[in-house]
Amino acid sequence: PISLVGRDFLTLRDFSKAEIQQLLWTSLCLKDRIKNKKESFRPLIGKSVSMIFQKRSTRTRLSTESGMVLLGGHAAFLGPSDVHLGVNETIRDSARVLSRMTDIILARVYAHSDVEELADEASVPVISGLSDKFHPLQCLADFVTLQEHYGYLYGLKIAYVGDGNNILHSLMYGCAKLGIDLSIATPAGYEPDPDVTQELIRMYKQKKTQFCMTSDPLEAVYRADVIVTDTWVSMGQEEEKTKRLKDFAGYQIDRNMLKEANANWTFLHCLPRKQEEVTDDIFNDKNSLVWQEAENRKWTVMAVMLHVLQDYSPLLPKPKF
Ligand code: CP
Ligand code: NVA
């Protein structure tokens, strides 16, 4: 049995293949029990999560709040103007106080080092709700969505076309751990961080699966099953918008680009979406799984919150991932 009790969830880099699969399996099981079978399952009665948000959010906030309530617990949302954190109280002092009042801290921050500092000082598990470097909760939701759609993950080919950002960094570790082929197309100057890339090259060398990086979207999408993109202008980069729109010319996902993909292609986008990175045509296509993906943010964060507080054995048979 796999125990994740007491663990922080800041990046998939820290988790083994078996541990990630456990989280996916539990997510699918919670969805089955609570959504499909209408079961009332409240293992977290009396527990609470404090949610520090230094940036806006629709999905991460709602999935955590509504998911914690479904599991029987309570969620306290602390927006940028609600808490002293980083303004007139240090991260370390805030971490100590929140640890004494709540059982989990979930934080959406700018610098990844902020969430690391929180985790270092907190005595309760810290879950990242996105940092400049990673967005691991999103990656879990993406994998659950693909597992539901294809019935397996190992051997799929994902093409990521767009900015080398937090979404991509998490996808890179997730794919390497689960044996998913990954090809990446970014414009020059927008590649993923070199520390992640170097490590990925090492991780993929030990496996049969493939990893490739290019600046040509058509090359990346060639024979891909899954096409993934994200905004070209992440939160905090608003003033770079004009330059970025220019630099990303030719990277919009459209029907022509998808001619290179496998016939069974699907499309993922973490949302919020802007039109420049994907045409309406593809975004609204029946092979676009974006709404299912958004919903799965809920079942996956529930699995993470449950597992960092207590062990859980899913009732569903283990899927073939
Ligand atoms: N995908 C995602 O994290 O969305 P929010 O910014 O709305 O939380
Ligand atoms: N890369 C985006 C993801 C939003 C969920 C951002 O950081 O703004």
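Predicted, not measured: the structure shown is a model, and the values here were computed from it.

Draft legend 1. Spotlight on the overall build of the protein chain. Broken down by element type, the protein chain carries 12 helices and nine strands. A globule of 321 residues ought to have a C-alpha radius of gyration of about 20 Å, and the protein chain, at 19 Å, matches this closely. Summarising its shape, the C-alpha atoms of the protein chain cover approximately 55 × 45 × 40 Å along the three principal directions. Per-residue burial for the protein chain yields a buried fraction of 58% across its 321 residues. Across the protein chain, every contact between residues at least 6 apart in sequence was considered, and the portion connecting residues at least 24 apart equals 75%. By element, 51% of the accessible surface of the protein chain is carried by carbon and sulfur atoms, the whole surface being about 13,600 Å². On the protein chain, the mean spot of the 39 positive side-chain charges and the mean spot of the 42 negative ones are 5 Å from each other.

Draft legend 2. Just the environment of Leu146, in detail. Note that Leu146 resides in helix α5 (residues 136-150). Leave out the neighbours within four places in its chain, and Leu146 touches Gly151, Tyr152, Leu153, Leu156, Ile158, Val226, Thr266, Leu268 and Leu289.

Draft legend 3. Local environment of the packing of aromatic side chains. Tallied over the entire structure, the rule returns 10 aromatic pairs. Here the aromatic rings of Phe248 and Tyr251 are separated by 6.2 Å at their centres, their planes lie at 75°, and the arrangement is edge-to-face. Its relative accessible area of 0% is what places Phe248 among the buried residues. The structure contains a cluster of three or more aromatic residues connected by ring pairs, namely Tyr190, Trp232, Phe248 and Tyr251. The aromatic ring of Tyr110 is capped on one face by Lys55, whose charged end is 4.5 Å from the ring centroid. Its end group placed over the ring of Phe283, Arg273 keeps NZ or CZ at 4.2 Å from the ring centre.

Draft legend 4. Representation of the site of ligand 2 within the structure. The immediate surroundings of ligand 2 are formed by Leu130, Asn165, Asn166, Asp230, Thr231, Ser234, Met235, Cys270 and Leu271. Asn165 places a polar side-chain atom, nitrogen or oxygen, 3.4 Å from a nitrogen atom of ligand 2. At 2.8 Å, a backbone N or O of Met235 approaches an oxygen atom of ligand 2. Computed on the free molecule, ligand 2 has an accessible area of 270 Å², of which 95% lies beneath the protein chains in the complex. Considered class by class, the residues forming the shell around ligand 2 number four nonpolar, four polar and one charged.

Draft legend 5. Geometry of the domain arrangement of the protein chain. When cut into domains, the protein chain gives domain 1 (12-134 + 296-309) and domain 2 (138-293). Taking only C-alpha atoms, the centre of domain 1 and the centre of domain 2 are 25 Å apart. Counting from both sides, the interface comprises 25 residues of domain 1 and, opposite them, 30 residues of domain 2. The three residues of domain 1 that bury the most area against domain 2 are Leu12, Lys133 and Asn296, which together make up 25% of that side's buried surface. Along the contact surface separating domain 1 from domain 2 lie five salt bridges. Between Asp193 and Lys133 there is a salt bridge, with the nearest N and O atoms lying 3.0 Å from each other. Seen at the junction of domain 1 and domain 2, the total is 15 residue pairs in polar contact (both at pLDDT 80 or more). If you list the elements that add at least two residues to the side of domain 1 that touches domain 2, you get α1 (17-36) and α12 (290-309). Counting residues per element, the side of domain 1 that touches domain 2 draws most heavily on α1, at eight residues.

Procedures and definitions
Residues numbered from 1 in each chain as written. Chains lettered and ligands numbered in written order. Predicted model: local features only at pLDDT ≥ 70, side-chain atom pairs only at ≥ 80, totals over all residues. Heavy atoms only, no water. Helix = DSSP H or I, 4+ residues; strand = E, 2+ residues; numbered from the N terminus. Rg over C-alpha atoms; globule rule 2.2 N^0.38 Å. Buried < 20%, exposed > 50% of the residue type's maximum accessible area, 1.4 Å probe, protein only. Contact = heavy atoms within 4.5 Å. Areas by Shrake-Rupley, 256 points an atom, 1.4 Å probe, with all protein chains shown as cover. Lys, Arg positive; Asp, Glu negative; His and termini not counted. Charge placed at Lys NZ, Arg CZ, Asp CG, Glu CD. Phe/Tyr/Trp six-rings, centres within 6.5 Å; stacked < 30°, edge-to-face > 60°. Lys NZ or Arg CZ within 6 Å of the ring centre and 35° of its normal. Near = heavy atom within 4 Å. Polar contact = N/O pair within 3.5 Å; in protein donor to acceptor, adjacent residues only side chain to side chain. Nonpolar A, V, L, I, M, F, W, Y, C, P; charged D, E, K, R; others polar. Domains from an automatic or database assignment. Buried area = accessible area lost by both parts, 1.4 Å probe. Salt bridge = Lys/Arg side-chain N within 4 Å of Asp/Glu carboxyl O.

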